[in-house]
Amino acid sequence: MKFSPLYSGSSGNCSLVCAGKTKLLVDAGMTGKAIETALSQVGAAPAELDAILVTHEHIDHIKGVGVLARRFNLPVYANEGTWKAMAEQVGSIGFSNVRAFVTGQDFYIGDLNVTPFPTSHDAAEPVGYTFFNKGAKLTYMTDTGYVSEALREQAAKADLLFIESNHDIGMLKHGAYP
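What comes next concerns the included structure. Just so we're clear, the structure is a prediction, and the values are computed from it rather than from any experiment. (Residues numbered from 1 in each chain as written. Predicted model: local features only at pLDDT ≥ 70, side-chain atom pairs only at ≥ 80, totals over all residues. Heavy atoms only, no water.)

Let's talk about the sheet that holds strand β1 (residues 2-7)
Then, number 1: Spatially, six strands are ordered β1-β2-β3-β4-β5-β6 in an open sheet, and the strand pairing comes out mixed. Each edge of the open sheet carries a strand with a single partner, namely β1 and β6 (98-101). On average, adjacent strands in this sheet sit at an angle of 25 degrees to one another, irrespective of strand direction.
Then, number 2: Across two bridges, the pairing between strand β4 (residues 51-53) and strand β5 (residues 76-79) is parallel. By the bridge assignment for β5, Ile 52 is matched with Val 76. (Pairing = 2+ DSSP bridges. Helix = DSSP H or I, 4+ residues; strand = E, 2+ residues; numbered from the N terminus. Axes fitted to C-alpha atoms, helices over the stretch in contact; angles between N-to-C directions.)

See below:
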């Protein structure tokens, strides 16, 4: 398995997960053009992608989803809550490319077994993902408010654990987040 974080932070999030012949984009929170450029820098092209997986509907995770899905005819995977919350923001995506999953139920995309799991965030139905391929395990979670026992179990024995988060004391004291 190969993992390439392309962008991480409040301005946008996007990562590439590859195994065998399968290439998945997790989130697409930058412009389509920026993501195309970042992919080329790691030796990949959007036309080679098998799908885009979305963690949640915030713009720093979905900004380029619609553009890439339409331009390269890519399936987009998200749970029902996220689809409802992001539908207007991503625009029209062909019916055959709308893929809804149930959080907690694993599924396969090519050479990767994908398990979506719930995270703690102020979004409709946020998830992280655990990817399995040939005995390797990658756990990916973004913007989670805290690491519960369930999240610890999800991350246990991961060969790679990717956590993207922010911690700002000023925002905690004076902002809307609990």
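Let us keep going from here.
Looking at the sheet that holds strand β9 (residues 127-133)
Then, number 1: Taken in spatial order, the five strands line up as β7-β8-β9-β10-β11 in an open sheet, and their pairing is mixed. Because the sheet does not close on itself, it has two edges, and the strands there are β7 (107-109) and β11 (160-164). This sheet shows a mean twist of 25 degrees between the axes of neighbouring strands, independent of strand direction.
Then, number 2: Relative to strand β10 (residues 136-142), β9 runs antiparallel, the two sharing five bridges. The residue of β10 that forms the bridge with Thr 130 is Thr 139.

Spatial relationships are all this shows, so hold off on functional conclusions.
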